[in-house]
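# Residue-level structure breakdown
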Amino acid sequence: MNIILLIFTTSILVSAQNNTIERTETVDTLDIARVWAGHPVGFSLLTHPPYQFVAYYDDKRQLTVAQRLLTVRTWTHHILPVVTGWDSHNYIALAIDDDGYLHLSGDMHVTPLKYYRTIQPFNVATFHRFDRMTGTNESRVTYPRFLRGAQNQLIFTYRDGSSGAGNEIYNIYDLKMKLWKRLLDQPLTNGEGQRNAYFDGPVKGPDGYFHLAWVWRETPDAATNHDLSYARSKDLINWSTGVANKSLKLPIKLKDCDIVDPVPEKGGIINGNAKLGFDTQGRVLISYHKHSAQNYTQPWTARLENGQWKKYQITDWPWHWNFGGHGTLQFSIHLGGVTKQTDGRLIQGYNHVKFGSGTWLIDPQSLQAIGKVQRQTLSPEMGRIEGTFPGLGVKTSADLGRSDKTDIRYVIRWETLASNFDKPRPEPLPSPSTLRLYALKTIIENAPSGR
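Residues numbered from 1 in each chain as written. Predicted model: local features only at pLDDT ≥ 70, side-chain atom pairs only at ≥ 80, totals over all residues. Heavy atoms only, no water.

- Under an unreviewed UniProt entry, the name given to the chain is BNR repeat-containing family member, and the organism recorded is Adineta ricciae.

Here's what the structure looks like:
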């Protein structure tokens, strides 16, 4: 995976259709802890009323979990016996099962599984490390993720292997027995020892399917990404192509999969920038970028239309991104997925080192950018850098759970330097930054006349 450190700009969304203004404001803040700022690595926020949990690396890079009652303004902190290194892949995955037991996995990049579960419900002080889930294919783990299945089962997925030689594993949790077992009796994808897949999803769409997009990568060099691919499933067990709805035999291999766009190696596609979305009719979309005949790195969206993939260039960017190498890269281009707004419009976020950042208004037929909207997803103060060390940027994590109030959403924010290809930085290093919880509210107002 490649990590991008986002510097957030804030603005206001103006809807031309109903002449309203949408803005985000901070309702409340609450400091959580001082945290490491020498390189970025993902933290987790999980709200499960009446509780709230945050998993992070503290100022000494120790894995820590904090919790509170939503009615209380103090945190209880519990330190786990893990100290992370300089690798930005070592993010923390956090989940809660239907009985209230917390599950955590993280600090892994082609290393043995680290998995913790609480012995008591809703109590981070009772986290216990288990040396196995199923006991097989757990020695070279990366990219842990918890998700919910078709029947709301707790699922855990991860890569077994390494960049350029990895397989995707799916486990399912037996709530009654408190044991993990394989959801699939073999990997979902198999790189055949020659490659691995980098995923976006599975994401459950409006059609009831779980949708999965990925690129294949031949080696740890990011330039060897190729072949945008896709599969879908109703139950995460039985998978099929988009084209002709053909059943896929597991594990899915390159020669058998549904290739959306056969972008070659060094063709301008990269893992982390293939993003799922859905149009106004609920059809699946995949946004990505690739090099054009003029060698410009251009953004595209593919749409599944009547069983065939149709591809549309979003806009024209006369600029080439020459990326490659090992480790966590700093992205020059970032694409978001296409999303449908409550007013029916399609929008898509982007960030470009030369052409700036913003949100496109997307034509529902051509999938081209037909304008820009100013969209505020964070309050203005969240984008302001508080630290004085050169190069600090803002990093945030959205809530994995649900708010206790219908009009409030929670986000955590901290400051850190950008990635350094997963290698140590020489001193001096920045002082720890403040990890802070924000309660945000979206305000809809009538636009002033003449706007």
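Picking up after the structure, the text goes on.
## Here's the deal with the packing of aromatic side chains
- Summed over all chains, the structure comprises 23 aromatic pairs.
- Each ring, one from Tyr173 and one from Trp180, has its centre 4.9 Å from the other, and the planes form 50 degrees; the classification is tilted.
- A relative accessible area of 7% places Trp180 in the buried class.
- Following the ring pairs from residue to residue traces out a cluster consisting of Tyr115, Phe130, Phe146, Phe156, Tyr158, Tyr173 and Trp180.
- Its end group placed over the ring of Trp36, Arg61 keeps NZ or CZ at 4.1 Å from the ring centre.
- Across the ring face of Phe130, the terminal group of Arg117 is positioned such that the distance to the ring centre comes to 4.2 Å. (Phe/Tyr/Trp six-rings, centres within 6.5 Å; stacked < 30°, edge-to-face > 60°. Buried < 20%, exposed > 50% of the residue type's maximum accessible area, 1.4 Å probe, protein only. Lys NZ or Arg CZ within 6 Å of the ring centre and 35° of its normal.)

## A short note on the pattern of salt bridges
- Tallying each qualifying case throughout the model produces 17 salt bridges.
- Of the charged contacts, one joins Arg73 and Asp28 as a salt bridge, the two residues approaching to 2.7 Å between their closest N and O atoms. Of the two residues, Arg73 sits in the loop between strand 5 (62-69) and strand 6 (76-83) while Asp28 sits in strand 2 (residues 20-35), which places them 45 residues apart along the sequence.
- Measuring nitrogen to oxygen at the nearest pair gives 3.1 Å for the salt bridge that ties Asp279 to Arg303. Note that Asp279 is positioned in the loop between strand 22 (275-278) and strand 23 (284-291) and Arg303 in strand 24 (residues 297-305), a separation of 24 residues in sequence. (Salt bridge = Lys/Arg side-chain N within 4 Å of Asp/Glu carboxyl O. Helix = DSSP H or I, 4+ residues; strand = E, 2+ residues; numbered from the N terminus.)

## Some thoughts on the environment of Leu378
- Inspection of the secondary structure assignment puts Leu378 in the loop between strand 30 (369-373) and strand 31 (393-398).
- Exposure remark for Leu378: the relative accessible area of 6% places this residue in the buried category.
- The sequence separation of Leu378 and Val411 amounts to 33 residues, and the corresponding C-alpha distance is 8.8 Å.

## Comments concerning the nonpolar core
- Counting 55 residues, the largest nonpolar core has Ile32, Phe43, Tyr56, Leu104, Phe127, Ile412 and Leu435 as the members making the most contacts within it.
- At five residues, strand 4 (residues 51-57) tops the list of elements feeding residues into this core.
- Apart from residues lying up to four places away in sequence, Leu104 is in contact with Ala55, Leu63, Val65, Leu80, Ile92, Ala93, Leu94, Lys114, Tyr115, Tyr116, Phe127 and Phe146. (Core = buried A, V, L, I, M, F, W, Y, C linked by side-chain atoms within 4.5 Å. Contact = heavy atoms within 4.5 Å.)

## A few points about unusual backbone geometry
- Residue Pro251 is bonded to the preceding Leu250 through a cis peptide linkage, with omega at -5 degrees.
- Counting through the fold element by element, Pro251 comes out in the loop between strand 20 (247-248) and strand 21 (258-261).
- A cis amide bond, omega 5 degrees, links Glu427 with the succeeding residue Pro428.
- Here Pro428 shows up in the loop between strand 32 (409-416) and strand 33 (433-446).
- Phi is positive for Asp422, which is not a glycine, with a value near 65 degrees.
- As for its placement among the helices and strands, Asp422 is situated in the loop between strand 32 and strand 33.

## With respect to the environment of Thr24
- Secondary-structure assignment places Thr24 in strand 2.
- For Thr24, a relative accessible area of 4% translates into the label buried.
- For Thr24 and Lys441, which are 417 residues apart along the polypeptide, the C-alpha to C-alpha distance reads 5.6 Å.
- Non-local contacts of Thr24, meaning those with residues more than four positions away in its chain, are made with Gln376, Thr377, Leu378, Ser379, Pro380, Arg409, Leu440, Lys441 and Thr442.

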